[in-house]
Amino acid sequence: MRETNTVTIVCGTRPELIKLAPLVDHFGSACTMIYTGQHYDRSMYSLIRREVPEPGGFHELRLGGLRRGDQLGRAVAAVDEVLAADRPAAVIVQGDTTSALAGALAANACDVPLVHVEAGLRSYDRAMPEEHNRVVIDHLADLCCAPTSLNRHNLLAEGVADSRVVVTGNTVVEALAHALPGQDEENAVLAGLGLTRDRYVLATIHRPENVDDPGNLEIILRELLSLPLPVVLPLHPRTAARVSSFGLSELVRGLQVVEPRPYRDFLALAHGSAVVVSDSGGIQEEVSVLKRPVVVVRRSTERPEIEGTFGTLVPPGPLVGNAVRSWLDDVAAHRLALREIPSPYGTGSPAARIALAVRKMAGEPVAV
């Protein structure tokens, strides 16, 4: 095994790459990446590779399209093989994906220090696969980078040593600030889709609890159709497949369906919308920076920091439409009110704070 003073990032999805991009920029040539291919759709993959900065070394595993257990097992073995050949000073994983868990388990098996970015999030919903992932990763991690003080409290309550926890903010604020288009570019994106600022709803639905259940997916689509404004729906590959297999294509035809958008275009759509409807975790963070409201269509959330300010949590059903319409009663007034509320996910450069904490943990000259 050859030891290096680099850091290795393990990831496999578009949201991970967006949030890790500031860290990749920060470490530069001292960073290598192992990309599992968890997001295997061709269009999604091209977006991923276009949007992430090129790290010092890129290992692609091509493990998409497998059952979760099979994907996890193969990813652990493949990441272990890479780490065994070149032992880095630290392995960094982000969030709660299968790829993040695979990276954590492989780092532990190779006795490489593990850093968990976005540590301490809890939904306390055991039906959510990601909840199990994030708990395991946190307890394996040598360094838990908690976005908020609430996340730190969650970790300490579970017996994670205070010395292993640092509050850094969330790198999403940095990634978003870098990618957010200017007003002219935003106007061009909206005009290209025939949209008027504040006169449409942006929706993203992809979580298994919503799209793998035909009843839930149908009622969500019907609630979107009932809204008084046009609904733009960037259609996730998983959702598109379920719409087709469940015979719900007629409902989708009543919405303005578009392909998944590059991150800058998506931010333009979110910033120009009257309200966002989503089951995404990352969007709950992004709206707090964009100062836009979101209706979160889920049973539970691991990001309660935005509830009652930027976000409204509702389960699939008639409450979805009601919650959206409550944000549409005076769009301009809501915009002004949200503008005054600081994001709970921090300011400045969380990536710099994380990099400094990594260097202190490693006790060696990791380039930052």
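One can find the structure itself at the top, above this paragraph.
First, a word on scope: everything that follows refers to the structure included in this document. (Residues numbered from 1 in each chain as written. Predicted model: local features only at pLDDT ≥ 70, side-chain atom pairs only at ≥ 80, totals over all residues. Heavy atoms only, no water.)

**Structural notes on the side chain of Asn 133**
(1) Moving on: Its location among the elements puts Asn 133 in helix α5 (residues 129-140).
(2) Moving on: The residues touching Asn 133, leaving out its near neighbours within four places in the chain, are Asp 96, Thr 97, Thr 98 and Leu 101. (Helix = DSSP H or I, 4+ residues; strand = E, 2+ residues; numbered from the N terminus. Contact = heavy atoms within 4.5 Å.)

**A word on the nonpolar core**
Proteins that are soluble and globular tend to have nonpolar side chains buried together.
(1) Moving on: Ranked by size, the top nonpolar core spans 60 residues in total, and within it Val 201, Leu 221, Leu 224, Leu 269, Val 277, Val 295 and Val 324 carry the most contacts.
(2) Moving on: Aside from chain neighbours lying at most four places away, what touches Leu 269 is Val 189, Leu 190, Leu 193, Leu 195, Tyr 200, Leu 202 and Arg 261. (Core = buried A, V, L, I, M, F, W, Y, C linked by side-chain atoms within 4.5 Å. Buried < 20%, exposed > 50% of the residue type's maximum accessible area, 1.4 Å probe, protein only.)

**Here's the deal with helix α16 (residues 331-339)**
(1) Moving on: Within the sequence span of α16, burial applies to Val 331, Arg 335 and Leu 338. Along the axis of α16, the buried positions cluster into a sector of 75 degrees, meaning they face one direction only.
(2) Moving on: Packed against the buried residues of α16 are α13 (263-272) and α15 (319-327). (Arc of directions from axis to C-beta.)

**Description of the side chain of Thr 6**
(1) Moving on: Checked against the element boundaries, Thr 6 lands in the loop between β1 (2-3) and β2 (7-11).
(2) Moving on: Other than its neighbours up to four places away in sequence, Thr 6 contacts Ala 30, Pro 88, Ala 89 and Ala 90.

**Notes on the sheet that holds strand β10 (residues 201-204)**
(1) Moving on: Strand order across the open sheet formed by six strands is β12-β11-β10-β13-β14-β15, with parallel pairing between neighbours. Single-partner strands in this sheet number two, and they are β12 (256-258) and β15 (311-314). Adjacent strand axes in the sheet meet at a mean angle of 20 degrees, parallel and antiparallel pairs treated alike.
(2) Moving on: Judged from the two bridges that link them, β10 and strand β11 (residues 231-234) form a sheet pairing that is parallel. Each residue of the ladder has a partner; that of Leu 202, found in β11, is Val 232. (Pairing = 2+ DSSP bridges. Axes fitted to C-alpha atoms, helices over the stretch in contact; angles between N-to-C directions.)

**Brief notes about unusual backbone geometry**
(1) Moving on: Positive phi values are uncommon outside glycine, yet Asp 111 reaches one of about 60 degrees.
(2) Moving on: You will see that Lys 291, though not glycine, has its phi angle at about 65 degrees, which is positive.
(3) Moving on: Tracing the backbone shows Lys 291 in the loop between α14 (281-290) and β14 (294-297).

**Focus: the pattern of salt bridges**
(1) Moving on: For the structure on display, the rule yields 25 salt bridges.
(2) Moving on: Arg 62 serves as the salt-bridge partner of Glu 60, at 3.9 Å between the closest nitrogen and oxygen.
(3) Moving on: Note that Arg 299 is salt-bridged to Asp 125, the shortest N-O span being 3.5 Å. With Arg 299 in the loop between β14 and β15 and Asp 125 in the loop between β7 (114-117) and α5, the pair connects residues that are 174 residues apart, well separated along the chain.
(4) Moving on: By relative accessible area, Arg 299 is classed as partly exposed at 45%.
(5) Moving on: Classification of Asp 125 by relative accessible area gives buried; the value is 12%.
(6) Moving on: Bridged by salt links that share partners, the residues Lys 19, Asp 96, Glu 118, Glu 131, Arg 134, Glu 285, Arg 298, Glu 302 and Arg 303 form one connected network. (Salt bridge = Lys/Arg side-chain N within 4 Å of Asp/Glu carboxyl O.)

**Topic: the sheet that holds strand β8 (residues 143-146)**
(1) Moving on: On the basis of which strands lie adjacent, the open sheet formed by seven strands has the order β4-β3-β2-β6-β7-β8-β9 and parallel pairing. Of all the strands in the sheet, the pair left with one neighbour each is β4 (57-60) and β9 (165-167). This sheet shows a mean twist of 20 degrees between the axes of neighbouring strands, independent of strand direction.
(2) Moving on: Against the sheet, helix α1 (residues 14-27) contacts β2, β3 (31-35), β6 (90-94) and β7, and its axis sits at roughly 170 degrees relative to β2.
(3) Moving on: The sheet contacts of helix α6 (residues 149-157) involve β8 and β9, and relative to β9 the element is tilted by about 165 degrees.

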